[in-house]
Amino acid sequence: MEGAVSEYAIRALGASTWDAFARLAEKHNGMGFGGCWCTWFHSRVGRPEGEMGRPWKERLVREGNAHAALVFDGEAAVAWAQYGSPDELPNIHHRKDYEATRTEELPDYRITCIFVDRDYRRKSVAGVALGGALDLIAKAGGGMVEGYPQDLPQGKKISSSFLYNVTRSLYEQTGFSYDRPKGKNHCVMRRTVSPIKKPRRARVG
């Protein structure tokens, strides 16, 4: 891969981008924990009995109940950032700890998973995915956004396979502020995203 970060394109996950997303997931054995296709964070309400993994994710996407920013290099999806409301994504790691220390209202949106193709790692693509999710949230009306990245002690490194929501430093670089710890080596980051206003059409006559 060559080219500057600015050459990547952001597209929303949906019926028209499902096939590209599916190719990315298949290349990495379904991504997520045990090949879950990043369905773990979703609500189980309405899930047909026995439907899991790819079929369940595809149903959610085609019904408009799954949201993500996909990073494209040409026609290939090379990264993604999953986001959605707490109703859409109620399941987060260390949830008991999160609820026990929560002092504010739930956010409008959560970013629960950021994944990068193994051939594109360490090339700043995760930041493109995170920024893409924020742009899509802004276009949808904005609001308070939370993320739950790793909060690693200085000098400590961790395998990329465990960085399902990247690091605190990347969130800070994207304008998030530290809120509180959450579980072991994780934290809650928050940022208010302003809505993108559509330009008004000039009146004629």
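What this report covers is the structure whose coordinates are included nearby. Because the structure is a prediction, the values reported are computed rather than measured.

What counts as what
- Numbers given to residues run from 1 along each chain, matching the order in which its sequence is written.
- Predicted model: local features are reported for residues with pLDDT of at least 70 only, side-chain atom pairs are reported and counted for 80 or more only, and whole-chain, interface and lining totals are derived from all residues.
- Side-chain measures here rest on the full set of heavy atoms in the structure, leaving out hydrogens and waters.
- Here a helix means four or more residues in a row that DSSP labels H or I, a strand means two or more in a row labelled E, and each is numbered from the N terminus.
- Summary of the burial criterion: residues with accessible area below 20% of their type's maximum are buried, those above 50% are exposed, and those between are partly exposed, where the area comes from a 1.4 Å probe applied to protein chains only.
- Residue contacts are defined here by distance: any two heavy atoms, one from each residue, within 4.5 Å place the two residues in contact.
- Computed with the Shrake-Rupley method and a 1.4 Å probe, the accessible areas treat only the protein chains shown as cover for residues.
- Strands pair, by our definition, only if DSSP identifies at least two bridges between them.
- Note on geometry: axes are lines fitted to C-alpha atoms, helical ones only across the stretch in contact, with angles between N-to-C directions running from 0 to 180 degrees.
- The term salt bridge refers to a side-chain nitrogen of Lys or Arg lying within 4 Å of a carboxyl oxygen of Asp or Glu.
- Residues grouped as a nonpolar core are buried Ala, Val, Leu, Ile, Met, Phe, Trp, Tyr and Cys residues, joined through side-chain atoms within 4.5 Å.

**Thoughts on the overall build of the protein**
Then comes step 1: Helix and strand content of the protein: five helices and seven strands.
Then comes step 2: When the 205 residues of the protein are sorted by exposure, 45% land in the buried category.
Then comes step 3: Relative to all contacts within the protein whose residues are 6 or more apart in sequence, the contacts with residues 24 or more apart total 67%.
Then comes step 4: Looking at the protein as shown, the accessible area adds up to about 11300 Å², and 48% of this sits on carbon and sulfur atoms.

**Quick notes on the sheet that holds strand 5 (residues 143-147)**
Then comes step 1: Spatially, the seven strands line up as an open sheet ordered 1-2-3-4-5-7-6, and their pairing is mixed. Each of the sheet's edge strands pairs with one partner strand only, and the pair in question is strand 1 (9-12) and strand 6 (177-181). Neighbour-to-neighbour, the strand axes of the sheet open up by a mean angle of 30 degrees, direction not taken into account.
Then comes step 2: With four bridges joining them, strand 1 and strand 2 (residues 67-73) adopt antiparallel strand pairing. If you follow Ile 10 over to strand 2, its bridge partner there is Val 71.
Then comes step 3: Each of strand 2, strand 3 (76-84) and strand 4 (109-116) touches helix 1 (residues 18-27); the most contacted strand, strand 3, lies at about 100 degrees to it.
Then comes step 4: Lying over the sheet, helix 4 (residues 125-139) contacts strand 1, strand 2, strand 3, strand 4, strand 5 and strand 7 (187-193), oriented at roughly 50 degrees with respect to strand 3.

**Here's the deal with the environment of Val 125**
Then comes step 1: Looking at the secondary structure, you find Val 125 in helix 4.
Then comes step 2: Owing to a relative accessible area of 1%, Val 125 belongs among the buried residues under this scheme.
Then comes step 3: Counting along the chain gives 10 residues from Val 125 to Phe 115, while the straight-line C-alpha distance between them is 9.4 Å.

**Looking at the pattern of salt bridges**
Then comes step 1: Under the criterion given, the structure shown has 13 salt bridges.
Then comes step 2: A salt bridge links Arg 190 to Glu 146; its shortest N-O distance comes to 2.4 Å. One end of the pair, Arg 190, is in strand 7; the other, Glu 146, is in strand 5, and 44 residues separate them in sequence. Glu 146 matches Arg 190 in its accessibility class, with the two residues each being buried.
Then comes step 3: Residues Arg 168 and Glu 172 are paired through a salt bridge, measuring 2.9 Å at the closest nitrogen-oxygen approach. Taken together, the residues Arg 168 and Glu 172, both in helix 5 (residues 168-173) and four residues apart, mark about one turn of the helix.
Then comes step 4: Given the relative accessible area of 24%, Arg 168 is considered partly exposed.
Then comes step 5: The class for Glu 172 is partly exposed, based on a relative accessible area of 38%.

**Re the environment of Thr 39**
Then comes step 1: Secondary-structure assignment places Thr 39 in the loop between helix 1 and helix 2 (53-62).
Then comes step 2: On the accessibility criterion, Thr 39 (10% relative accessible area) is buried.
Then comes step 3: When the C-alpha atoms of Thr 39 and Asn 91 are compared, they prove to be 9.6 Å apart, with 52 residues separating the residues in sequence.
Then comes step 4: Leaving out residues up to four positions away in the same chain, Thr 39 has contacts with Arg 44, Gly 53, Trp 56 and Lys 57.

**Focus on helix 1**
Then comes step 1: Those residues of helix 1 not exposed but buried are Trp 18, Ala 20, Phe 21, Ala 22, Leu 24 and Ala 25.
Then comes step 2: Immediately beyond the C-terminal end of helix 1, within one or two residues, lies Asn 29, with a positive phi of roughly 55 degrees.

**Section: the pairing of strand 2**
Here is the key point about a regular strand: its side chains alternate between the two faces of the sheet.
Then comes step 1: Judged by how many residues are buried, strand 2 sits mostly within the fold: five of seven residues are covered.
Then comes step 2: Of the pairings in the sheet, the one linking strand 2 to strand 3 comprises seven bridges and is antiparallel in character. In the strand pairing of strand 3, Val 71 is matched with Ala 79.
Then comes step 3: Counting the residues between successive antiparallel strands, the hairpin from strand 2 to strand 3 contains two residues, one of them, Gly 74, with a positive phi of roughly 70 degrees.

**A word on the nonpolar core**
Then comes step 1: Within the largest apolar cluster, 30 residues are counted, with the highest numbers of intra-cluster contacts made by Val 71, Ile 111, Ile 114, Val 125, Val 145, Tyr 171 and Phe 176.
Then comes step 2: Elements with a contribution of two residues or more to this core: strand 2, strand 3, strand 4, helix 4, helix 5 and strand 7.
Then comes step 3: The dominant element in this core, judged by the number of residues it contributes, is helix 4, at 10 residues.
Then comes step 4: Each residue touching Phe 176, except ones within four places of it in the same chain, is listed here: Ile 111, Leu 130, Leu 134, Val 145, Glu 146, Gly 147, Tyr 171, Met 189, Arg 190 and Arg 191.
Then comes step 5: Core analysis: the second largest hydrophobic core is formed by 24 residues, Trp 18, Ala 25, Trp 37 and Phe 41 among them.

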